[in-house]
Each structure stands twice: as structure tokens, then as C-alpha cells.
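Here is how the chains run, residue by residue.
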Amino acid sequence: MKETKISNFLQNVKVSDWNAVRNELQKHVSRITITNWKNGLYEASSDYWSAINGIAEQFGYDKPYKV
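The structure displayed is predicted, hence computed values, not measured ones. (Residues numbered from 1 in each chain as written. Predicted model: local features only at pLDDT ≥ 70, side-chain atom pairs only at ≥ 80, totals over all residues. Heavy atoms only, no water.)

Another aspect to go through is the packing of aromatic side chains. Under the counting rule described, the total for this entry stands at three aromatic pairs. It is Lys38 that lies over the ring of Trp18; its NZ or CZ is 4.1 Å from the centre. (Phe/Tyr/Trp six-rings, centres within 6.5 Å; stacked < 30°, edge-to-face > 60°. Lys NZ or Arg CZ within 6 Å of the ring centre and 35° of its normal.)

Contact geometry for helix α2 (residues 15-25) and helix α3 (residues 31-38): axes closest at 9 Å, N-to-C directions at 120°. Relative to α3, α2 is oriented oblique. Note that α2 runs across α3; the crossing there is right-handed. Residues Trp18, Arg22 and Leu25 of α2 lie in contact with α3, whose contacting residues are Arg31, Ile34, Trp37 and Lys38. A breakdown of the residues in the contact of α2 with α3 according to their chemical character gives four nonpolar, no polar and three charged. (Axes fitted to C-alpha atoms, helices over the stretch in contact; angles between N-to-C directions. Helix = DSSP H or I, 4+ residues; strand = E, 2+ residues; numbered from the N terminus. Parallel < 35°, antiparallel > 145°, perpendicular 65-115°, else oblique. Left-handed = near helix turned anticlockwise from the far one by under 90°. Contact = heavy atoms within 4.5 Å. Nonpolar A, V, L, I, M, F, W, Y, C, P; charged D, E, K, R; others polar.)

Among the nonpolar cores identified, the biggest contains 16 residues, and Ile6, Phe9, Leu10, Leu25, Trp37 and Ile52 are the most heavily contacted of them. Only α1 (5-11), α2, α3 and α4 (49-58) provide two or more residues apiece to this core. (Core = buried A, V, L, I, M, F, W, Y, C linked by side-chain atoms within 4.5 Å. Buried < 20%, exposed > 50% of the residue type's maximum accessible area, 1.4 Å probe, protein only.)

A separate point is α3. For α3, the full list of buried residues reads Ile34, Asn36 and Trp37. The arc enclosing the buried residues of α3, seen along the axis, measures out at 160°, which places them on a common side. Check the buried side of α3 and you find it contacts α1, α2 and α4. Once α3 ends, the next one or two residues include Gly40, with phi positive near 75°. (Arc of directions from axis to C-beta.)

Okay, the pattern of salt bridges next. This model, assessed by the stated rule, comprises one salt bridge. Linking Glu24 and Lys27 is a salt bridge whose minimum nitrogen-to-oxygen distance equals 3.0 Å. (Salt bridge = Lys/Arg side-chain N within 4 Å of Asp/Glu carboxyl O.)

Turning our attention to the packing of α2 against α4. Orientation of α2 relative to α4, taken along the N-to-C sense of each, is 155°, at an axis distance of 10 Å. Classified by the interaxial angle, the pair formed by α2 and α4 is roughly antiparallel. You can see that α2 and α4 cross each other, and the crossing is right-handed. Along the contact surface, α2 presents Val21, Glu24 and Leu25, while α4 presents Ile52, Ile55 and Gln58. The residue inventory of the contact of α2 with α4, partitioned by class, reads four nonpolar, one polar and one charged.

Okay, here's the thing in C-alpha cells:
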């Protein structure tokens, strides 16, 4: 597994927040994409950075991307 900004963010999401965070992400991408991001297989496209930052902030996490 390689370290990416999105994998770092997703792996640091608390277990108690995971389902809600995943549900918000699934409004933008598929479940398999989220799994690939979490496993560090891909970095999120810049098309999704604003949405990911918004979701991170919504749940009290630092924004993984500078937009």
C-alpha cells in the first residue's frame, strides 16, 4: 500500500465516523473507488478535492487537499 493524501485521510477516519463519511463520499464516487483510495491504489482526481475537503471538514477532520 502506498501513502496518498486520500488514503491518509480515510485511514485516520474514526470507526464511529466511517459509515457516515463513506456514505457522503458515495454521493460522488463508487464504493470500489473509495476502497481503492483507502488502500492507496489511486490518488483522488482533483475534480473531487473540494467535495472531499468539505466532507472532511463536516466531520471535524483536517482538509487533505489545498484547493
